[in-house]
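Each chain, letter by letter, is given below.
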There are 2 protein chains.
Amino acid sequence: MKKLINSPDDVVRESIEGMILAHGDLLKAHYEPNVIYRADAPLNGQVALVSGGGSGHEPMHGGFVGLGMLTAAAPGEVFTSPTPDQMLEAAKLVDGGAGVLNIVKNYTGDVMNFEMAAELANSEGIAVRNILIDDDVAVKDSLYTAGRRGVGTTVLAERICGAAAERGYDLDRIADLCRQVNINGRSMGMALTSCTVPAKGSPTFELGEREMEIGIGIHGEPGQARMDMKSADEITEMMALEIINDGAYSRTVREWDSEAEDWKEVEITDPPFASGDRLIAFVNSMGGTPVSELYIVYRKLAQICDQHGLTIVRNLVGPYITSLEMQGASITLLKVDDEMLALWDSPLNTPALRWGM
Amino acid sequence: MKKLINSPDDVVRESIEGMILAHGDLLKAHYEPNVIYRADAPLNGQVALVSGGGSGHEPMHGGFVGLGMLTAAAPGEVFTSPTPDQMLEAAKLVDGGAGVLNIVKNYTGDVMNFEMAAELANSEGIAVRNILIDDDVAVKDSLYTAGRRGVGTTVLAERICGAAAERGYDLDRIADLCRQVNINGRSMGMALTSCTVPAKGSPTFELGEREMEIGIGIHGEPGQARMDMKSADEITEMMALEIINDGAYSRTVREWDSEAEDWKEVEITDPPFASGDRLIAFVNSMGGTPVSELYIVYRKLAQICDQHGLTIVRNLVGPYITSLEMQGASITLLKVDDEMLALWDSPLNTPALRWGM
């Protein structure tokens, strides 16, 4: 294993320390349990946005803490769910009296720990909502999760809901918005190479010289198929059509019922994409794929969307939800309305994404 | 070779097409010869900033075209100098009557072709200055260049001079500023893995399972030494001390003498860094190294600068001058004054970097 690290045990801590040294104007850190949060938090009367998950997907989530996006991030060990006390600490650090929205990617460990954290925070008098992101059309169930995995739409949800918090949306309204972003978003990914988790020291899986994995998850979870390499256009078409042609997807999720002070089951169905829809298109590098190749993917994606009557009104191209140094890419399409677009365009200032300031 | 491409011959063209589809609000492209330029160019009465070089270093340079940075970029084939007609076309497309500053990385082919382009542009009545960036302290001469190679300082020079152009600096003043940024900047890089140029299809070089190359160039040119892997702190210290302890470096460069309408020889000496200096610190990924590892490098770099009485007043951490999917990192330190800092902070809107808008 060759990495720019000191010891596998210190990777997460030292990386956070470096972030704080680089972005001390924006961020602070709490250690043990680890939380990265806005230097100006808590923001009185403003809903706080918290996300978290295993490390190794940087810049998600720590790089998205700042004005117009997350209020705090709870980074677990590499590819390991953060513990409930991390999310509880995050909630306590950033709650400004208007409550906390937890954006949770659908992995069994994340969901369980975020639920436990929500109950603990509620018992300490902090209003909390957990909204699940489960946008990966590649697999329905996997080793890591029941239902679809949470991937690229997470980045877009964090941005749109973060902007809504800045505008003063209350907790219920932001939770509704976040659920709607998830319902409107779909993703799929692929890999050309594996990545190596520092604590393990060897590649998570092996792909042959001419093989790729289609439908892979962000921890290297197996996808739909392992197949011979194809051209960028063919790969883009496979993923884009899988996303665009994905029909209604229904499931039951657990959301907190604040009146009953208990979890309730909520029925959700994602409507399919339809001609005339406006989209944010997000082409993401798994980490090791150069941005020049992402633009080749984006080129084909734009052509395919055009052929389907889907209008890309905004885009994001770059390494934003990664799997360490894995080579590969993912595509996320999010159907947007005027409200989401206005929020997308509002001022944003985080280490990883900045505009409109 | 596994890459998200269609054919090696189409990589540059299709990547530019994707960029234009994604960033049509900011950019336009001219094909054959290939130029990426600001959609709002030419800007009347404003000095135009042009850079270029081989492709494969994205987002440099095309991703830096936009408000507050480059007016145009001339991307060659992968790791191949752009041709003089590309830079001439760029000058003709973006000259707003106030002349063109070419920012040229010190590689023999780039220098020669930018000089030829400058003479051609001058003969067509466009005032041109060429300023060389030669900031790599690792090697004095190499297969690719006489003198030091041009690397990370290029990104910082493009930003600072681009901001100066927005403020209405005239051509002579911007050329002086660019020369000063180069004089004040020093860089060094290292690699953990090679990259694969699409047209060749196999890695540029081979590194053993436990080897790294220190002082490597951005095309995979050999550096100072191949050695056993060390920790991130040790690697950072090696590079940072080489940069900080680098003494005065003198050389003669060719700059255009507009009165004599000919090239003149200019003597330049870089002063060493001294305690009390203020710096922009730039920790760059060679492409395949995750940003989480860059922050581990930045953490140590900040400690070392502090120990030497050097104050980091701004920083840039990310993949900005890359070598395709190569794993590794480079460090650039730039001594700044109030003027450069004010320019650094001014509004910036490009595909790869945006702030203060």
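Residues numbered from 1 in each chain as written. Chains lettered and ligands numbered in written order. Predicted model: local features only at pLDDT ≥ 70, side-chain atom pairs only at ≥ 80, totals over all residues. Heavy atoms only, no water.

## Remarks on the overall build of chain A
Stage number 1. Counting its secondary structure elements, chain A contains 8 helices and 16 strands.
Stage number 2. Relative to its length of 357 residues, chain A is compact, with a C-alpha radius of gyration of 19 Å against a globular reference of 21 Å.
Stage number 3. On the principal axes, the C-alpha backbone points of chain A span a range of 55 × 50 × 40 Å.
Stage number 4. Expressed as a percentage of its 357 residues, the buried residues of chain A come to 65%.
Stage number 5. Look at the contacts in chain A between residues 6 or more apart in sequence, and 71% of them connect residues 24 or more apart.
Stage number 6. Total accessible area on chain A stands at roughly 11,900 Å², and carbon and sulfur atoms take up 47% of it. (Helix = DSSP H or I, 4+ residues; strand = E, 2+ residues; numbered from the N terminus. Rg over C-alpha atoms; globule rule 2.2 N^0.38 Å. Buried < 20%, exposed > 50% of the residue type's maximum accessible area, 1.4 Å probe, protein only. Contact = heavy atoms within 4.5 Å. Areas by Shrake-Rupley, 256 points an atom, 1.4 Å probe, with all protein chains shown as cover.)

## Some thoughts on the environment of Val-94 of chain A
Residues and elements named next belong to chain A.
Stage number 1. With respect to the helices, strands and loops of the structure, Val-94 is situated in helix 2 (residues 84–94).
Stage number 2. Taking the C-alpha atoms as reference points, Val-94 and Glu-237, separated by 143 residues in sequence, lie 42 Å from one another.
Stage number 3. Other than its neighbours up to four places away in sequence, Val-94 contacts Tyr-37, Ala-41, Pro-42, Leu-43, Ala-48, Val-50, Thr-71 and Ala-72.

## Considering the sheet that holds strand 4 (residues 72–78) of chain A
Sheets are built from strands that pair by backbone hydrogen bonding, the pairs being arranged parallel or antiparallel.
Residues and elements named next belong to chain A.
Stage number 1. Strand order in this open sheet of 6 strands is 1-2-4-3-5-6, and the pairing throughout is mixed. The sheet is open, and its two borders are formed by strand 1 (27–30) and strand 6 (128–133), each paired with just one other strand. Between one strand axis and the next, the sheet turns through 20 degrees on average, direction left out of account. (Pairing = 2+ DSSP bridges. Axes fitted to C-alpha atoms, helices over the stretch in contact; angles between N-to-C directions.)

## A few points about the relation of the copies chain B and chain A
Stage number 1. Note on the copies: chain B fits chain A at an RMSD of 0.0 Å, the axial shift is 0.0 Å, and the rotation between them is 180 degrees. These values place the two chain copies in the arrangement generated by a two-fold rotation axis.
Stage number 2. In this assembly the copies share their binding face: 100% of the residues contributing to the interface of chain B also contribute to that of chain A. (Least-squares fit on C-alpha atoms with pLDDT ≥ 70 in both.)

## Things to note about empty space enclosed by the protein
Stage number 1. As enumerated under the stated definition, the model contains 5 cavities of 30 Å³ or more in all.
Stage number 2. Put simply, the largest cavity is a space of about 220 Å³.
Stage number 3. Taken together, 27 residues make up the lining of the largest cavity; nearest its centre are Ser-292 of chain A together with Ser-15, Ser-55, Gly-56 and Glu-58 of chain B.
Stage number 4. At the level of elements, helix 7 (291–307) of chain A together with helix 1 (11–22), strand 3 (48–55) and strand 4 (72–78) of chain B are the ones that each hand at least two residues to the lining of the largest cavity.
Stage number 5. Here the element with the most residues in the lining of the largest cavity is helix 1 of chain B; it accounts for 5 residues.
Stage number 6. Along the lines of polarity and charge, the residues of the lining of the largest cavity split into 14 nonpolar, 10 polar and 3 charged.
Stage number 7. Lining the second largest cavity are 13 residues, with Val-151, Gly-152, Ile-218, Met-286 and Ser-330 of chain B sitting closest to its centre. (1 Å grid on protein atoms, 1.4 Å probe; cavity = no way out; pocket = protein on both sides within 12 Å on 5 of 7 lines; lining within 4 Å. Points joined across faces, edges and corners; volume = space filled by probe spheres on them. Nonpolar A, V, L, I, M, F, W, Y, C, P; charged D, E, K, R; others polar.)

## Focus on the interface of chain B and chain A
Quoted interface sizes are often the accessible area lost when the parts come together.
Stage number 1. With 53 residues of chain B at the contact, the number on the chain A side is 53 residues.
Stage number 2. Both sides of the chain B and chain A interface together cover about 4,500 Å² of buried area, and 59% of this is carbon and sulfur.
Stage number 3. Counting the surface chain B buries against chain A, the share from its top three residues, Lys-2, Leu-4 and Tyr-295 of chain B, is 20%.
Stage number 4. The interface formed by chain B and chain A includes 4 salt bridges.
Stage number 5. On inspection of chain B and its partner chain A, the count reaches 24 residue pairs in polar contact (both at pLDDT 80 or more).
Stage number 6. Mapped onto the side of chain B that touches chain A, the elements with two or more residues apiece are helix 1, helix 6 (232–244), helix 7 (291–307), strand 13 (311–318), strand 14 (328–335) and strand 16 (354–355) of chain B.
Stage number 7. With 9 residues, the single largest contributor to the side of chain B that touches chain A is helix 7 of chain B. (Buried area = accessible area lost by both parts, 1.4 Å probe. Salt bridge = Lys/Arg side-chain N within 4 Å of Asp/Glu carboxyl O. Polar contact = N/O pair within 3.5 Å; in protein donor to acceptor, adjacent residues only side chain to side chain.)

## Quick notes on the domain arrangement of chain A
All names here are of chain A.
Stage number 1. Segmenting chain A into domains produces domain 1 (12–185 + 250–269) and domain 2 (188–244 + 274–335).
Stage number 2. On the domain 2 side, the residues contacting the 26 residues of domain 1 number 28 residues.
Stage number 3. For the interface between domain 1 and domain 2, the tally reads 0 salt bridges.
Stage number 4. Where domain 1 touches domain 2, the interface holds 9 residue pairs in polar contact (both at pLDDT 80 or more).
Stage number 5. The set of elements that each furnish at least two residues to the side of domain 1 that touches domain 2 consists of helix 4 (153–166) and helix 5 (171–184).
Stage number 6. The biggest single contributor to the side of domain 1 that touches domain 2 is helix 4, with 4 residues.
Stage number 7. For the side of domain 1 that touches domain 2, a count of residues per class yields 15 nonpolar, 7 polar and 4 charged. (Domains from an automatic or database assignment.)

## Some remarks on the packing of helix 4 (residues 153–166) of chain B against helix 8 (residues 338–345) of chain B
All names here are of chain B.
Stage number 1. Interaxial distance between helix 4 and helix 8 falls to 8 Å at its minimum, and their mutual angle equals 85 degrees. Classed by the angle they form, the pair helix 4 and helix 8 counts as roughly perpendicular. Where helix 4 approaches helix 8, its residues Leu-156, Arg-159, Ile-160, Ala-163 and Ala-164 are matched on the opposing element by Met-340, Leu-343, Trp-344 and Asp-345.
Stage number 2. For the contact of helix 4 with helix 8, the per-class residue count stands at 7 nonpolar, no polar and 2 charged. (Parallel < 35°, antiparallel > 145°, perpendicular 65-115°, else oblique.)

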